[in-house]
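Here is how the chains run, residue by residue.
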Amino acid sequence: MKRWVLKSGATTLDGLFLEDVEKPEPGPGEVRVRVRAVSLNYREQLVLDNAGGNWRLDRDLIPVADGAGEVDAVGEGVERWSRGDKVITVYLRDFIHWPPHAGIGMGLGSLDEDGVLAEHIVLPADRLSRAPGTLNHVQASTLPCAGLTAWTALQNAHPVKPGQTVLSLGTGSISLFAMAFAQALGAKTYLTTSQDQKRPRLLDLGAENVFNYRTDENWGQSVYDATGGVDKVVNTAGFGSMNQSVQALAFGGDIGVVGLFNFGDVIEPGLFLAKGVSVRGIPVGSRDGLEALIEFIDKHRIKPVIDRVIPFAEAKQAYQALSAPDLFGKIVITIGS
């Protein structure tokens, strides 16, 4: 079988190699999956850049966390899965129920855990979840990290209710998922962007309004003026956007922080305390959260936004596409027929 391997010490795509190896066999409690599609997240770039750091040990690594396919072999003692079951990967280790704990790791395809950029993978049986019946492999592969992160931000503590308002920062895949899920939950959705050309597409997807954070440095006040304050902010940008996020919130509102992009600001206490807002870190989410999301997606027939689909042999081009300025939705790599 073929697999992509990021070589020890490499920090550029020159260190990503396609290898031929024997097909792995599942041991007791393990399952082998014929991978059909994998999707990339921004964290793949962090893993690539971080040889020997917080994301990656000094070793060869099969990268990428999110995959979809079908079970093609099960190890001794596995009763949950059968050959032919359509599955997706579970991002974090031993994170079955909320809250998180110290042993969940950084996700498949990082540190001591190989990922899914291969024709076949072997995983513990509990690192898989049933794929949504309403999605194909390409669509299903987008859920384990980005989809679940958006769902957790909307549902864990202060769950979104019909009639509420949600602001998502940026137009990355987490924000687009959050918009779709919030709308299905009965909420009105708002987004920020730095590119006015994306505004029509966001409005077509159901956004009530879109705010350009590049041309409006006080976009948080603009959101507040337009909405009277949103009930929830899905902050995909990081702590550099926290004060504007607080400004955009209604009194008693909630911020789910999922972004890794900037950490520049300290929260100004005055408005934060006066509004009585809450701020939560979102470490993707639990396996039972993923299973609840899958049920929700099937019920509401939600389709992820796919920017482009790239064949397995061109995986390096898929990585390069992550930084394209016109990126809108997920980058997915297909493997086989």
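Cut-off values and rules
- Residues numbered from 1 in each chain as written.
- Predicted model: local features only at pLDDT ≥ 70, side-chain atom pairs only at ≥ 80, totals over all residues.
- Heavy atoms only, no water.
- Helix = DSSP H or I, 4+ residues; strand = E, 2+ residues; numbered from the N terminus.
- Rg over C-alpha atoms; globule rule 2.2 N^0.38 Å.
- Contact = heavy atoms within 4.5 Å.
- Areas by Shrake-Rupley, 256 points an atom, 1.4 Å probe, with all protein chains shown as cover.
- Lys, Arg positive; Asp, Glu negative; His and termini not counted.
- Charge placed at Lys NZ, Arg CZ, Asp CG, Glu CD.
- Buried < 20%, exposed > 50% of the residue type's maximum accessible area, 1.4 Å probe, protein only.
- Expected span 1.5 Å × (residues − 1).

A. Geometry of the overall build of the protein chain. Helix and strand counts for the protein chain stand at ten helices and 15 strands. In terms of overall dimensions, the protein chain is globule-like: its C-alpha atoms have a radius of gyration of 20 Å, near the 20 Å expected for 337 residues. Taking the principal axes of its C-alpha atoms as reference, the protein chain extends roughly 60 × 40 × 40 Å. Partitioning the contacts of the protein chain with sequence separation of at least 6, the portion at a separation of at least 24 is 69%. Accessible surface for the protein chain amounts to roughly 14,000 Å². Of this, 50% is attributable to carbon and sulfur atoms. Side-chain charges in the protein chain split into 32 positive and 39 negative, and the spacing between the mean points of these groups amounts to 4 Å.

B. Inspection of unusual backbone geometry at higher detail. Omega for the bond connecting tryptophan 98 with proline 99 falls within 30 degrees of zero, at 10°, which places this linkage in the cis form. Residue position: proline 99 is located in the loop between β5 (86-89) and β6 (120-124). One non-glycine residue, alanine 157, lies in positive phi territory at about 70°. Considering the arrangement of structural elements, one finds alanine 157 in the loop between α3 (143-155) and β8 (165-168). Judged by relative accessible area, which is 39%, alanine 157 ranks as partly exposed. Notably, histidine 158 is not glycine yet its phi reads approximately 50°, a positive angle. Residue class for histidine 158 comes out partly exposed when judged on its relative accessible area of 44%.

C. Quick peek at α3. Helix length check: α3, at 13 residues, gives a terminal C-alpha distance of 16 Å against a target of 18 Å (1.5 Å per residue), a shortfall beyond 12%. Here α3 lies mainly inside the structure; twelve of its 13 residues are buried. Looking at α3, one finds that the buried residues are Leu143, Pro144, Cys145, Ala146, Gly147, Leu148, Thr149, Ala150, Trp151, Thr152, Ala153 and Leu154. One or two positions beyond α3, positive phi appears at alanine 157, with a value near 70°.

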